[in-house]
Amino acid sequence: MKIYFDHEKLQAYQKALEFAAWSETILERVPKSTAVHGQLDRARTSIVLNIPEGNGRFTSPDRCKFFDIARGSGLESAGCLDLIFIKKLVSEVELDQGKTLLKDIVSLLVGLIRSNSPDRLHDETVEYRVEGETKD
C-alpha cells in the first residue's frame, strides 16, 4: 500500500489494519444479533481510527489521549475474542492468532504513549503468572 500520511508508517497502524482484516472473517461467523459482534466491530474500528487521530495531534497530551483510547480498544477486542471463543465460534489457534496481533498492537501503542509523554508516570514492568503456568 502506498504511503500518503505519516500515521501509515507506524507499525501500530499497520498491525491494526492487519487485525481488522484478520477479524473480518471471524465477524462473519458471529451472528449480527449478538452484542459481541457489534462490540468487536466497534473496538477494532476504534483502534484503526484513533491511531491516525492521535498521530495528527500537535501536543503530547492530545496524542497520548488517542493512543490510550486505541490501546483500550485493543484490550477490549481481546475480551471480545474470549467471548467468541466461549461461544465456540473460533478455535484456540485462531484465538491465539488474534491475541498475538492485539498484544503487538497494544505493546506498540504503549511505546508510542511512552515516547510522547516522558513526564507521565509509568508502572514498572511486573511479571504476571497465570494459573497452571510454571516459572522456569
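Just so it is clear, the model here is predicted, and its values are computed rather than measured. (Residues numbered from 1 in each chain as written. Predicted model: local features only at pLDDT ≥ 70, side-chain atom pairs only at ≥ 80, totals over all residues. Heavy atoms only, no water.)

### Points about the nonpolar core
Ranked by size, the top nonpolar core spans 30 residues in total, and within it Phe19, Ile51 and Leu109 carry the most contacts. At 8 residues, the largest contribution of residues to this core is made by helix α1 (residues 11–29). Residue contacts for Leu109: discarding those within four places in its chain leaves Ala12, Ile51, Phe67, Ala70 and Arg71. (Core = buried A, V, L, I, M, F, W, Y, C linked by side-chain atoms within 4.5 Å. Buried < 20%, exposed > 50% of the residue type's maximum accessible area, 1.4 Å probe, protein only. Helix = DSSP H or I, 4+ residues; strand = E, 2+ residues; numbered from the N terminus. Contact = heavy atoms within 4.5 Å.)

### Thoughts on unusual backbone geometry
Backbone geometry places Lys88, a non-glycine residue, at a positive phi of 60°. Assignment of secondary structure puts Lys88 in the loop between α3 (60–86) and α4 (92–116).

### Let's talk about the pattern of salt bridges
Per the stated rule, a full pass over the model turns up 8 salt bridges. The salt bridge involving Lys15 is made with Asp104; its shortest N-O contact spans 3.3 Å. You can see Lys15 sitting in helix α1 and its partner Asp104 sitting in helix α4, a full 89 residues away along the chain. Look at Lys15 and you get partly exposed, because its relative accessible area is 24%. According to the relative accessible area criterion, Asp104 is partly exposed, its value standing at 28%. Residues Arg57 and Glu53 are paired through a salt bridge, measuring 2.4 Å at the closest nitrogen-oxygen approach. (Salt bridge = Lys/Arg side-chain N within 4 Å of Asp/Glu carboxyl O.)

### Remarks on helix α2 (residues 35–55)
Between the first and last C-alpha of α2 there are 30 Å, a value that for 21 residues agrees with the 30 Å anticipated at 1.5 Å per step. Of the positions making up α2, those classed as buried are Val36, His37, Gly38, Leu40, Ala43, Arg44, Ser46, Ile47, Val48, Asn50, Ile51 and Gly54. Residues of α2 that are buried make contact with α1, α3 and α4. (Expected span 1.5 Å × (residues − 1).)

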